[in-house]
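# Inside the fold
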Amino acid sequence: MNDRRCIVTGESGDADMLLRFVAGPDGQIVPDIRRKLPGRGCWVTGTRANVQMAVSKTLFARGLKTKVIVADDLADQVDGLLATAAVQSLVMARKAGDATSGSMQVDKAVRSGRALAVLHAVEAAPDGVRKIDQARRATVHLGGPETMTFSTLTLEQMSFAFGGGNVIHAAVLDGGAGSAALRRLEQLARYRGNDGFMDAAR
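Residues numbered from 1 in each chain as written. Predicted model: local features only at pLDDT ≥ 70, side-chain atom pairs only at ≥ 80, totals over all residues. Heavy atoms only, no water.

## Topic: the packing of helix 4 (residues 103-112) against helix 5 (residues 126-141)
Rules: Here, axes are lines fitted to C-alpha atoms. For helices the fit covers the stretch in contact, and angles between N-to-C directions go from 0 to 180 degrees. A run of H or I in DSSP becomes a helix once it reaches four residues, and a run of E becomes a strand once it reaches two; helices and strands are each numbered from the N terminus. If an angle is under 35 degrees, it is roughly parallel; if it is over 145, roughly antiparallel; if it lies from 65 to 115, roughly perpendicular; otherwise it is oblique. Crossing handedness is defined as follows: a turn of the near helix away from the far one that is anticlockwise and smaller than a right angle gives a left-handed crossing, while the clockwise case is right-handed. By the convention used here, residues are in contact when the closest approach between their heavy atoms is within 4.5 Å. In this classification, Asp, Glu, Lys and Arg are treated as charged, Ala, Val, Leu, Ile, Met, Phe, Trp, Tyr, Cys and Pro as nonpolar, and every other residue, Gly included, as polar.
The N-to-C vectors of helix 4 and helix 5 enclose an angle of 15°; their axes lie 8 Å apart at closest approach. Between helix 4 and helix 5, the interaxial angle falls into the category roughly parallel. For the pair helix 4 and helix 5, the crossing hand works out as right-handed. Between helix 4 and helix 5, the residues in contact are V106, D107, V110 and R111 and K131, I132, A135, R136, A138 and T139, respectively. The residue inventory of the contact of helix 4 with helix 5, partitioned by class, reads five nonpolar, one polar and four charged.

If you want it as C-alpha cells, here you go:
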C-alpha cells in the first residue's frame, strides 16, 4: 500500500485515523471508505475540515500526481458515506448479538459492564439521556467500565439499524461486531469534529 501520509497535514498515521481517496476511470475523486478500491490512493486525516482543505487547495491532483475532477460537495459525500457505514456496522452488530436497543436494555447493558458505547438518536429527549447517564456514572462509581456516548445518528437511521420501530436509545456491546461498529461510530464522530460525541461518564 502507498504510504499513509495525509496530503493536507503531511503527517502519517494509522489507517483508522485517515480517509482514502482514489481517482475513478473518469478522473473523478472517489472516497474509498472501506479502503478496498483498486488503484493508487491518497490519504486525508479524517476530519471534514481536512477534506474541505484538500478540495479548496486542489491537493488531490498533487497527491495522486494526475489530473482529477473533484466534486464541490465531496465533504458532504464523505459524511453521508461514513454515516451509512456506521449504520451498516450496527446492523451487523445487532445480528451478531453485539448491539441492543431500548432504554431498559441499554440501562441493563451499561450496569452489567458489557456496553462499549451508548447511542442516543439526535432527537432524543434530555430526560431519557439523563437517565442513562445516571446508569453510566453509577457503573463507574462502583468500579465498572466507562462507557462512551454518541449522538450522531438520527431516529430514522437508528430505527433502520435496529430493525424498525422508533429506536431512540441503543448500546453497542462487547464482541467482535460490536468493536467494529464502535470504530465506525468513532470515525463518524471524529469526521464531524466530535460533534455529537461525549466522553465516557466519570
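Next comes the rest of the write-up.
## Digging into the packing of helix 1 (residues 48-56) against helix 3 (residues 74-95)
Between helix 1 and helix 3, the least distance of the axes is 9 Å, while the angle of their chain directions is 145°. Of the two elements, helix 1 crosses helix 3, and the hand of that crossing is right-handed. Only L74, A75, D76 and D79 of helix 3 make contact with helix 1, whose side of the interface consists of R48, V51, Q52 and V55. Taken together, the residues of the contact of helix 1 with helix 3 break down into four nonpolar, one polar and three charged.

## A look at the pairing of strand 1 (residues 18-23)
Just so we agree on the cut-off: Relative accessibility under 20% of the residue-type maximum defines a buried residue, over 50% an exposed one, and the middle range a partly exposed one, all with a 1.4 Å probe and only protein chains included. At least two bridges found by DSSP between two strands are what make those strands a pair.
Of all six residues in strand 1, five are buried, a share of seventy percent or more. For strand 1 and strand 3 (residues 41-45), the ladder comprises five bridges, and the chain directions are antiparallel. Paired with L18 across the strands is T45, a residue of strand 3. Where strand 1 and strand 2 (residues 29-31) come together, three bridges link them in antiparallel fashion. Bridging from a neighbouring strand, A23 pairs with I29 of strand 2. The antiparallel pairing of strand 1 with strand 2 creates a hairpin that spans five residues between the two strands, and G27 there sits at a positive phi of about 90°.

Everything listed here is a matter of geometry and, on its own, says nothing about what the molecule does.
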